[in-house]
Amino acid sequence: MPGSRSKAPALLRLSARVLLPVVLVYGASPGWTAGSASPAVARFVEETETAGLQSRFEGEDEFMVGGGVAVFDCDDDGLPEIYVTGGVNKAKFYRNRSTRGGPLKLQEQRSGLELTNAIGAYPLDIDGDGNMDLVVLRVGEVEVFRGLGQCKFERANELWNIHTGNNWHTAFSATWERGQSWPTLAFGTYYDRSRPDFPWGTCTPGILLRPEPTRGRFAAPEPLSPGYCALSMLFSDWNRSGEASLRVSNDREYYKGGQEQLWKIQPGKPATAYTADEGWKRLQIWGMGIASHDIDGDGFPEVFLTSMADNKFQKLSGDGSRPVYVDEAYKRGITAHRPYIGGDIHPSTAWHAQFADVNNDGWSDLFIVKGNVSTMPDFAIQDPNNLLLGQPEGNFVEAGSQSGVASFRRGRGGMLADLNGDGLLDMVVVNRWEKAQLWRNLGSGKAAAPAPLGHWLQLRLRQTGGNRDAVGAWVEVQTGERVQREELTVGGGHASGHLGWMHFGLGEAAQARVRVQWPGSGWSDWVAADADGFYMLDRQSGLRSWSAP
Amino acid sequence: MRQPKRLHRLRHAIRFAAHAGAALLVAALAVLTPARAQTDSAGELAPPAGAYSAGVAYEWFYLVSQLLQQTPGNSPPVAARTLGYLGLTLYEAVAPGMPGYQSLAGQLNELSSLPWAQPNEPLHWPTVANASMATMTRMMFSNASAENKGRIDLLERSLPLKYPDDFDPAKVTADITNRSETFGKLMAMAIMTWARTDGGHEAWGPLRRNRANYVPPSGPGSWSATPSKYLPPLLSWWGEVRPFVLKSAAECAPPPHPPYAEETDSAFYRAAKEVFDISNAATQEQRQFALYWADDPGKTPTPAGHWSYIANDLLRAQKADLGRAAATHALLNMAMSDAFVAVWAAKYRYNLIRPVTYIQLFIDSNWVTPLFTTPNFPEYPSGHSVQSSTAAGILEQQFGKDLKFVDNTHNDRGWGPRTFPSFSAAANEASISRMYAGIHFRFGSEGGQALGRCVAERVLELRLRP
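Since the model is a prediction, treat every value here as computed from it, not as a measurement. (Residues numbered from 1 in each chain as written. Chains lettered and ligands numbered in written order. Predicted model: local features only at pLDDT ≥ 70, side-chain atom pairs only at ≥ 80, totals over all residues.)

### Some points on the overall build of chain B
- Helices and strands together make up the secondary structure of chain B, namely 14 helices and two strands.
- Long-range pairs, those at least 24 residues apart, make up 84% of the contacts in chain B with a sequence separation of at least 6. (Helix = DSSP H or I, 4+ residues; strand = E, 2+ residues; numbered from the N terminus. Contact = placed C-beta atoms within 7 Å.)

### Remarks on the pairing of strand β8 (residues 143-149) of chain A
Residues and elements named next belong to chain A.
- Of all seven residues in β8, five are buried, a share of seventy percent or more.
- Across three bridges, the pairing between strand β7 (residues 133-138) and β8 is antiparallel. The residue of β8 that forms the bridge with leucine 134 is phenylalanine 145.
- With antiparallel pairing between neighbouring strands as the criterion, β7 and β8 make up a hairpin whose turn holds four residues, including glycine 140 at a positive phi of roughly 120°.
- With four bridges connecting them, β8 and strand β9 (residues 152-155) associate as antiparallel partners. From the neighbouring strand, phenylalanine 145 faces β9, where its bridge partner is arginine 155.
- Hairpin connection between β8 and β9: a loop of two residues separates the two successive antiparallel strands, and glutamine 150 in this loop has a positive phi of roughly 50°. (Buried ≥ 20, exposed ≤ 12 C-beta atoms within 10 Å, placed from the backbone. Pairing = 2+ DSSP bridges.)

### A short note on the confidence of the model for chain A
- Averaged over all residues, the pLDDT of chain A equals 92, while 93% of them reach at least 70.
- Residue range residues 1-36 of chain A is modelled with pLDDT below 50. Its contacts to residues more than four positions away, or to other chains, number 85 contacts. (pLDDT = per-residue confidence, 0-100.)

### Quick look at helix α5 (residues 146-162) of chain B
All names here are of chain B.
- Here α5 is 17 residues long and its end C-alpha atoms lie 23 Å apart, about the 24 Å a rise of 1.5 Å per residue gives.
- Within α5, the full set of buried residues consists of Ile152, Glu156 and Leu159.
- Where α5 is buried, its residues contact α2 (55-70) and α4 (125-140). (Expected span 1.5 Å × (residues − 1).)

### Description of the sheet that holds strand β32 (residues 474-479) of chain A
Residues and elements named next belong to chain A.
- Pairing within the open sheet is antiparallel, and its four strands lie in the order β33-β32-β37-β38. Strand pairing shows two members of the sheet lacking a second neighbour, β33 (482-487) and β38 (527-530), which therefore form its edges. Strand-to-strand, the axes of this sheet are offset by a mean angle of 30°, without reference to chain direction.
- As defined by bridge partners, β32 adjoins β33 across six bridges and the pair is classed as antiparallel. Paired with valine 475 across the bridge in β33 is glutamate 486. (Axes fitted to C-alpha atoms, helices over the stretch in contact; angles between N-to-C directions.)

### Things to note about helix α6 (residues 174-195) of chain B
- With 22 residues, α6 of chain B should cover 32 Å at 1.5 Å per step; its first-to-last C-alpha distance of 31 Å lies within 8% of that length.
- The element α6 of chain B is extensively covered by neighbouring structure, given that 16 of its 22 residues are classed as buried.

### What to know about the environment of leucine 366 of chain A
All names here are of chain A.
- Among the structural elements, leucine 366 can be located in strand β25 (residues 365-370).
- According to the C-beta neighbour criterion, leucine 366 is buried, with 26 such atoms within 10 Å.
- For the pair formed by leucine 366 and glutamine 109, sequence separation is 257 residues and the distance between their alpha carbons is 31 Å.
- Excluding residues that lie within four positions of it along the chain, leucine 366 makes contacts with Ala291, Phe304, Ile334, Ala353, Phe355, Leu388 and Phe396.

### Looking at the packing of α2 of chain B against helix α3 (residues 76-94) of chain B
All names here are of chain B.
- Packing of α2 against α3 brings their axes to within 11 Å, and their N-to-C directions diverge by 165°. One element, α2, and the other, α3, form an angle in the roughly antiparallel class. Classified by chirality, the crossing of α3 by α2 is right-handed. Contacts from Ala57, Val64 and Leu68 in α2 reach Ala79, Thr82, Leu83, Leu86 and Leu90 in α3. (Parallel < 35°, antiparallel > 145°, perpendicular 65-115°, else oblique. Left-handed = near helix turned anticlockwise from the far one by under 90°.)

### Quick word on the confidence of the model for chain B
All names here are of chain B.
- In the predicted model, chain B carries a mean pLDDT of 89, and the fraction of residues at 70 or more is 89%.
- Predicted confidence in chain B is weakest over helix α1 (residues 5-31), with a mean pLDDT of 36, and strongest over helix α10 (residues 322-350), with 98.
- In this model residues 1-32 is a low-confidence stretch, pLDDT under 50, and it forms 35 contacts with partners more than four residues away in sequence or in other chains.
- Both confidence scores are given for the complex: pTM 0.89, ipTM 0.84.

### With respect to the environment of glutamate 278 of chain A
All names here are of chain A.
- Relative to the helices and strands, glutamate 278 is located in the loop between β19 (272-273) and β20 (289-293).
- Judged by the 14 C-beta atoms lying within 10 Å of it, glutamate 278 is partly exposed.
- In the structure, glutamate 278 is positioned 58 residues away from alanine 220 in sequence and 29 Å away in space, judged by C-alpha atoms.
- Glutamate 278 has contacts with Arg322 and Pro323, leaving out every residue within four places of it along the chain.

Next up, the structure:
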């Protein structure tokens, strides 16, 4: 294990070693043999009230899914703002007023993003003007907002010719197809809103919006049909071909003959779903969220799919010529199929999922937001969120309780992001019928004195042309012999998006080497970067350190 | 004490595998779909489903046979569908505890995958079966009377007391019971998500408004409403319901019937005259056969329920284990449901006139069926012939071709027990009894038998083992 552990207090390490086996016995027993050492546990403190986060996601039937949050920096101070959807309540924009390294502080602010029926949100710079834009998924028309700078936004549906109709929009992802300066947007929908009396089998198609950049707008929607009640979608270059495909996770509860989907998106051609003949194996789950990361270092991203009890961790089998996946959730100890504390023995309901390194040990962890759909008696009501810590062997151990993030509220969306610029990933969770929650990552310290667990670095990519944030790029960070690899994506999770600093835990390493495979291009040269800093990596001018203004 | 030799061999195999490479075994468990013996974290082997009696299955299907009779809306096709999903639920719930067996997901239409038990969390299969059947029964009979809903609850609670050997509290911890209940419920819910989209779920009263009214075609030889109540045609769209196994209803079709004709020297006329003559001069035995296989909804468990009862009884008599019972109930009941889909598609495609209508038009205008009224749907082919032949085909494979058996289905009505020399003998009697009753032509019964055998053959192609 990298050296974050050497910096952790001895007491903490001891407690982690003592407590983790207890949790393992009580909770979901993994199917692997435990590693020789337990990972360091990051401590979180809830700062919902003190930070000023006052949002509730509410609503009845049409708001049983969704409840997303978007995290993005719109004032260029390096600290991301938060936009929290509220269902029938007003969605709120919070300016990040946190002190670097200090307690979290949010300030609700009028931004032009205030609206109702919002259930999910994803940031991206659509028009390439350097200002972050925002896609808001809604029960009803999707609303797209153009960033004006300094966290002001204006509706851009008409300007950009985005007309999604009045469906129930539940999923989103974006990619820049080869040669395009504007993104291709994909939207997933749930069941037919006009059929609440008998919704089964009424899933509506998704849509694909391709750009007409010369006209500064999007072309007419292309159908993603059949639609199977998508609750998450993610453009990802799953086989490293240089071309992203669209993975869609669908809810078996309502579709007829549906399955998980992988759409082939090729420039100038209609989207086509991968078939069994091409190696795609049919899978039916209550699909709700997607997390993607190269966990095992083979160069291909693994995919975690949330569901009701039968969560999947899919690893690509073979050389990437065919989309053949095998499930390794059990093998890696991340079935997360029932609560690990609280005494509720019913199956879990998992929503948002995200891979990120919360303890900066260099191994990606898995964050899962859990919560009963409503009051379904056969599923856990006391369903704590998971924080599964990654280990060098590729396995995970549950640490949600020790970390202090095992909320029992009805979680939906969420996000891990460094909200106070201290290199430690903080956590926000949106809950149905209850207040959203915010936790500050203290590392190995306490609220009054946070302490690092390991080294880290954070990176933003920049390039000219439309895709300024280089969505679709792959970043490699090398420390010693180990290479971490991350794809910059927009989409996935559950109704929740983040675009900003890419975070890498470095463990003991005080320095790392970084390189980028820019979208549609080869790998850049390696460049050295000192740990514990923020960097801008520009495609033309290279790496430079970034300091807060 | 109850551990069979197979279990002993499994235990030995697991120990060997543990020595040979526990990690490899664990990886295989996670990747492979077929059931393997479950072990807990200490490597202790959990008894497989085959180590328990079929008591749980028997009790649930026994109760279901009564619920089918007493719950509104369970016309024969609907009842067969209900049984099909219950049979599948039982099988899928315990399949992870049946070493060497696999889920049927991937082989059934539009069902690709189902939740699977965690290999390292031992489950108690009678509890899994009880929870899954209770959950599915509640969902399939959501319109049951309050009294019958109470019977469902009572059965779920009382089974552990009724079968103390299977539910030995000294061997089943609270944790295992809890886990088993949640897995059983989860399986039932997953299958219900699939069931709701088969097109048959809309048969329930309040949902029928989603269906456009059916207007029967007219013309010579076409079916028209029959005396005495002249009811509208029953579930005209049932042939479009998604089958479990058949790729479509058309995969098994009856041979064409004799061309419709009104001339007295035509084959069609002769067939009608045969019905007229036989039903008018039926022997006491023939009349008893007709009544025995009437299997009217509301009075009996319907045709599918009748055969399900026979199988359930036989499994109990043969002291079958839970795994075998699950496999039999799944195959039999899914097959009978598919048989009803196939025959309903044929009935409304042929839309053939019933004997009573023809006879009144061309032979005897005052004739009525002597024993019971003609069911309110087209004649060709005979539904009971189809599903009895299907059932016989499945049960022959499960129990043996020439098994002599006792049918106790109608004992409570005073019509049994009856002993049959074989399943096919019973099916043939059921088939021809429809002609004795005056509701089918002979060719309707024979065409139905051909269709029914086809359905059985297709269902028996399912691979319960990889």
